[in-house]
Amino acid sequence: QVQLVESGGGLVQPGGSLRLSCAASGIIFSTKTMGWYQQAPGKQRELVATITSGGSTNYADSVKGRFTISRDNAKNTVYLQMNSLKPEDTAVYYCNAHRRLPTGLRVGDQWGQGTQVTVSS
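Here's a quick rundown of the structure. On a predicted model such as this, the values are computed, not experimentally measured, just so you know.

Observations regarding the pattern of salt bridges
Scanning the model with the defined rule gives 3 salt bridges in all. For aspartate 61, the salt bridge is made with lysine 64, and the minimal N-O distance between the two is 3.1 Å. The residue aspartate 89 makes a salt bridge to arginine 66 at a minimum N-O spacing of 2.8 Å. Of the two residues, aspartate 89 is situated in the loop between strand 8 (77-82) and strand 9 (91-100) and arginine 66 in the loop between strand 6 (57-59) and strand 7 (67-72); the sequence distance between them amounts to 23 residues. The same class applies to aspartate 89 as to arginine 66, namely buried.

A closer look at the packing of aromatic side chains
Applying the stated criterion across every chain, the model contains 1 aromatic pair. Judged by centre distance (5.0 Å) and plane angle (70 degrees), the ring pair of tyrosine 37 and tryptophan 111 falls under edge-to-face. With tyrosine 37 in strand 4 (residues 33-39) and tryptophan 111 in strand 10 (residues 106-111), this residue pair connects regions lying 74 residues apart in the sequence. The ring centre of tyrosine 94 lies 3.6 Å from the NZ or CZ of arginine 45, which sits over that ring. If you follow arginine 45 out to its NZ or CZ, it ends over the ring of tryptophan 111, 4.6 Å from the centre.

Some points on the nonpolar core
Looking at soluble globular proteins, one finds that nonpolar side chains tend to be buried together. Ranked by size, the top nonpolar core spans 29 residues in total, and within it Trp36, Val78, Leu80, Met82 and Tyr93 carry the most contacts. Counting only elements with at least two residues in this core, the list comes to strand 3 (18-25), strand 4, strand 5 (46-51), strand 7, strand 8, strand 9 and strand 11 (115-119). With residues near it in sequence (within four places) discarded, methionine 82 still touches Gly16, Ser17, Leu18, Leu20, Arg66, Phe67, Tyr93 and Val117.

Focus on the sheet that holds strand 3
A sheet is described by the order of its strands in space; here 4 strands give the open sequence 1-3-8-7, paired in antiparallel fashion. The sheet terminates laterally at strand 1 (3-7) and strand 7, the two strands that pair on one side only. Looking at each pair of strands side by side, their axes are set apart by 15 degrees on average, direction ignored. Relative to strand 8, strand 3 is paired through 6 bridges, and the arrangement is antiparallel. Each residue of the ladder has a partner; that of alanine 23, found in strand 8, is threonine 77.

A few points about the side chain of glutamine 38
Along the chain, glutamine 38 turns up in strand 4. In this structure the side chain of glutamine 38 is engaged in a polar contact, spanning 2.8 Å, whose partner is the side chain of tyrosine 93.

Focus: the state of the cysteines
Applying the stated criterion across every chain, the model contains 1 disulfide. Bridging cysteine 22 to cysteine 95, the disulfide has an S-S length of 2.1 Å. Disulfide cysteine 22 to cysteine 95: torsion about the S-S bond roughly -80 degrees, handedness left-handed. Of this pair, cysteine 22 sits in strand 3 while cysteine 95 sits in strand 9, and the two are 73 residues apart along the sequence. Classification of cysteine 95 by relative accessible area gives buried; the value is 0%.

Rules behind the numbers
- Residues numbered from 1 in each chain as written.
- Predicted model: local features only at pLDDT ≥ 70, side-chain atom pairs only at ≥ 80, totals over all residues.
- Heavy atoms only, no water.
- Salt bridge = Lys/Arg side-chain N within 4 Å of Asp/Glu carboxyl O.
- Helix = DSSP H or I, 4+ residues; strand = E, 2+ residues; numbered from the N terminus.
- Buried < 20%, exposed > 50% of the residue type's maximum accessible area, 1.4 Å probe, protein only.
- Phe/Tyr/Trp six-rings, centres within 6.5 Å; stacked < 30°, edge-to-face > 60°.
- Lys NZ or Arg CZ within 6 Å of the ring centre and 35° of its normal.
- Core = buried A, V, L, I, M, F, W, Y, C linked by side-chain atoms within 4.5 Å.
- Contact = heavy atoms within 4.5 Å.
- Pairing = 2+ DSSP bridges.
- Axes fitted to C-alpha atoms, helices over the stretch in contact; angles between N-to-C directions.
- Polar contact = N/O pair within 3.5 Å; in protein donor to acceptor, adjacent residues only side chain to side chain.
- Disulfide = S-S within 2.5 Å.

If you want it as structure tokens, here you go:
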């Protein structure tokens, strides 16, 4: 059974930092592209950052220079270090795992239950 379990969310003041973690089980973690997505109230879920099995990263323009995604294959865990947080970063953050086939097709999406991040003074 696949499980993605997020942790590390909470309430933080503007300018503060949080580190999210996502522990995976039931998947061959090292072969997956892992990602973080955010969903604010009334909005669609949006990409925050991804990291491929080879370690290549991709970020939404809104978080470049502030957020860093990383992975530890030995621990089956992906992280999102969030610095210089802004009120507009407030959202539920979801962990995602998927594979990219050589054709570019995305398959096997799995999602965690989400963790709330609130940035407010």
